[in-house]
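Summary of structural features
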Amino acid sequence: MNPRRDVDPHGGHGTPHEPTPTIWPVGFAIGIACIFIGLILSPIVVAVGAVLAAIFGFLWIRDVTKGIRTEPSAEEPAPEPVAPPIPAGKRPEGPEPGEGELIRYPRSKFLEAATLGLGGLIGVVVTAPVLGFTILPPFVKQGHEKVDVGAIEDYPENRYVIATYLLRPEEGEVSRRTAYIRNNGFLDDVPSFTILSNRCVHLGCPVQVNGLPIDEDAKTEVNDGQRVTRIPTAAAAGFGCPCHGGQYDTEGNRTAGPPVRALDRYEFEIVNGRLLLGDLYSVSEVDGTGAEAQIHSYPLAGPGQHVDGPEGLLYPVQPPR
Amino acid sequence: MANKKKPGLLHKLLDILLYPLTWLEERTSIPGHSGIVGGIKYFLFRKVPGDISWGHTLGSAAFTAFIVQAVTGVILAMYYQPDPDSAYESIRHITDDLTLGWLVRGMHRWGASVFIILLFLHMGRVFLYGAYKYPRELNWIIGVLILVLGMMEGFFGYLLPWDQTAYWATVVGVNLQATGPFVGPFLGPILQGGTEIGSDTLARFYSLHMLVLPGALAGLIGLHLWLVVRVGVTSPPWSADPAGKPRPGPPPPPRAGLVAPGPRGARKR
């Protein structure tokens, strides 16, 4: 056992394995850094960085490939002595088949191919269901029942109420969700609600009411394993996220910080005077307030994912929910 | 007579004591190469450059940290319950009730940081010494994979205490992955095992943290070490006496049991 018999770690100096030292990568790195800084500062810096990276990248590649491009072709090994071409249809090895004898496919070759082929097939048959089991469950049967969060009279007009409920009561507290619900009164005899998700659209932390939750007036309603708690608030001036400082106004529009769009909203319906929460949808922004608000809505996207503008093109397909 | 007999007896005794090793070596060696015992002997007593320093011990230190993580992790797994209703309580039980539980959990919790820090220090040493160059590029690549898997271990392990910090830090971490273009919206649910973090997420993270990733890490570390032994340790860049330079004088005699197993009982008497 002599580990150095093949490779001498210090005999490699000056061999073609080692590229010639070059300073172009430094310029290339500066170019890349300019692109990243420019993404924050200004497009002009991005352009400058791109030009730098392109120039120095070209010079670097030119330097690195110099050896290959100028290598004299005389060093090419002499072509191997070519064996006389084997006539088509004849095996290269083994005795010539006699007259009337069939040319047989070698048994060893068949067994080799059969072993590899069967082994591969068994591998696929075993792996495919396991991979599917790992990857598919998150994308199927993800829907849930509509959630009854109480009678519409429980929601005073023009005040936000913090409603928490269990998305899937059978899973317990881990499925507890929070909605900020404001009764906007009636618009043409139809009750209007603003129902915001509490998940920050930066990276999914829970946003809090910038106001006073009135914990003494909290009410908990229990039915069918569902526990809905309603906490009224006073003087809610918007919402703020404790994680990275994202701020939203009372309509859920982003006013400051890193969020990329307005807060997600709930679809809702009113059945027999009860307010039912449905699925979530995403919102780029909201014009106007309350019952007259114009909501620019999109299919639900994850936190941090743009739904409009050029960055929205980065998320063309959303998984089924 | 008695004087001459004594060393013989001692050697016979030694032979009897070491017989299991000889047995093992004889049955694991390939002709012309050593077996398990010779291999371990070679690994432990192989030649390294004369002017290596404490910097060269960082790799072994990181390896030791990995072993500490593996051992303490296995023991924590005996008491931990990856279930949303009992995970936090089982961690509290480990920390507060079980004898020395606080110590083992502390070793695992702080050892995680130690492991990552040592990986970076080791990486810095290799970079500054130019030890990533030919013929060691592949070992650098494997090392980077080890670093990536090590950090994934940290990410998946962070959820397991199942407290508020763990939960929301994981929410942020998963959503960060999910902002990746094109595949991001699919990556998030795959990581979580659903559209939101729930009971499936905890079990999934636990499995990745204590089965999938440690297995991959152990394999990569084995490969990493094998390559270290195969190409040898680098001398520092300022070394006047590079490794691999033949020594003046006659070559030293081969170490017994290093090249091929001797016939049984061939020890010099």
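Residues numbered from 1 in each chain as written. Chains lettered and ligands numbered in written order. Predicted model: local features only at pLDDT ≥ 70, side-chain atom pairs only at ≥ 80, totals over all residues.

Take the overall build of chain A next. Along chain A, the regular secondary structure elements total 5 helices and 14 strands. Among the 321 residues that make up chain A, the fraction classed as buried is 21%. Considering only intrachain contacts with a sequence separation of at least 6, the fraction spanning at least 24 residues in chain A is 49%. (Helix = DSSP H or I, 4+ residues; strand = E, 2+ residues; numbered from the N terminus. Buried ≥ 20, exposed ≤ 12 C-beta atoms within 10 Å, placed from the backbone. Contact = placed C-beta atoms within 7 Å.)

The next thing to look at is the overall build of chain B. Counting its regular elements, chain B contains 9 helices and 0 strands. Mapped from its N terminus to its C terminus, chain B presents α and β elements in the order α-α-α-α-α-α-α-α-α. Sequence-distant contacts in chain B: of pairs separated by 6 or more residues, those separated by 24 or more amount to 69%.

Quick look at the interface of chain B and chain A now. Facing 39 residues of chain B, the contacting portion of chain A comprises 36 residues. Those elements that provide at least two residues to the side of chain B that touches chain A are helix H2 (36-45), helix H7 (164-178), helix H8 (184-192) and helix H9 (199-231) of chain B. The element contributing the most residues to the side of chain B that touches chain A is H8(B), with 7 residues. Looking at the side of chain B that touches chain A residue by residue, the classes come out as 19 nonpolar, 17 polar and 3 charged. (Nonpolar A, V, L, I, M, F, W, Y, C, P; charged D, E, K, R; others polar.)

Residues and elements named next belong to chain A. Spatial ordering of the open sheet is given by E5-E9-E10-E11, a layout of 4 strands whose pairing is antiparallel. The open sheet terminates on both sides in strands that have one partner only, identified here as strand E5 (208-209) and strand E11 (254-256). For strand E10 (residues 247-248) and E11, the ladder comprises 2 bridges, and the chain directions are antiparallel. Opposite Tyr-248, over in E11, you have Arg-254 as the bridge partner. (Pairing = 2+ DSSP bridges.)

All names here are of chain B. Between helix H3 (residues 58-77) and H9, whose axes approach to 12 Å, the crossing angle comes to 155 degrees. Between H3 and H9, the interaxial angle falls into the category roughly antiparallel. Between H3 and H9 the crossing geometry is left-handed. Contacts between H3 and H9 involve Phe-63, Phe-66, Ala-70, Gly-73 and Ala-77 from the former and Met-210, Pro-214, Leu-217 and Ile-221 from the latter. (Axes fitted to C-alpha atoms, helices over the stretch in contact; angles between N-to-C directions. Parallel < 35°, antiparallel > 145°, perpendicular 65-115°, else oblique. Left-handed = near helix turned anticlockwise from the far one by under 90°.)

In this structure, Val149(A), Ala163(A), Ala179(A), Tyr180(A), Ile181(A) and Leu263(A) are the most contacted members of the largest nonpolar core, which totals 38 residues. Among the secondary structure elements, those contributing two or more residues to this core are strand E1 (147-151), strand E2 (160-166), strand E3 (176-187), strand E4 (190-197), strand E12 (262-271) and strand E13 (274-287) of chain A together with H7 and H8 of chain B. Once you skip the residues sitting within four places of it in the chain, Ile181(A) turns out to touch Tyr155(A), Tyr160(A), Val161(A), Ala163(A), Phe193(A) and Ile195(A). Listed in part, the 14 residues of the second largest apolar core include Ile91(B), Val104(B), Leu202(B) and Met210(B). (Core = buried A, V, L, I, M, F, W, Y, C linked by C-beta atoms within 7 Å.)

Here the focus is the pairing of E13(A). All names here are of chain A. Pairing of E1 with E13 involves 3 bridges; the strand directions are antiparallel. Residue Ala-151 lies in a different strand from E13, and its bridge partner there is Arg-274. Counted along the chain from E12 to the antiparallel partner E13, the turn is 2 residues long, and its residue Asn-272 has a positive phi close to 55 degrees. Counting the residues between successive antiparallel strands, the hairpin from E13 to strand E14 (residues 294-298) contains 6 residues, one of them, Gly-288, with a positive phi of roughly 80 degrees.

Next up on the list: H7(B). Side chains of residues three or four places apart in an α-helix project in the same direction, reflecting 3.6 residues per turn. Residues and elements named next belong to chain B. Taking 1.5 Å per residue as the helical rise, H7 with its 15 residues ought to reach 21 Å, and the 21 Å between its terminal C-alpha atoms agrees with that figure. Along H7, the residues that are buried comprise Thr-170, Val-171, Val-174, Asn-175 and Ala-178. Down the axis of H7, the buried set is contained in an arc of 125 degrees. They therefore lie on one face. Contact partners of the buried residues in H7: helix H6 (137-158) and H8. (Expected span 1.5 Å × (residues − 1). Arc of directions from axis to C-beta.)

This brings us to the environment of His202(A). Residues and elements named next belong to chain A. You can see His-202 is positioned in the loop between E4 and E5. Note on His-202: 24 C-beta atoms within 10 Å, which makes it buried. For the pair formed by His-202 and Gly-302, sequence separation is 100 residues and the distance between their alpha carbons is 9.1 Å. Residues in contact with His-202, not counting those within four places in the same chain, are Cys-241, His-244, Gly-246, Gly-257, Pro-258, Pro-259, Pro-303 and Gly-304.

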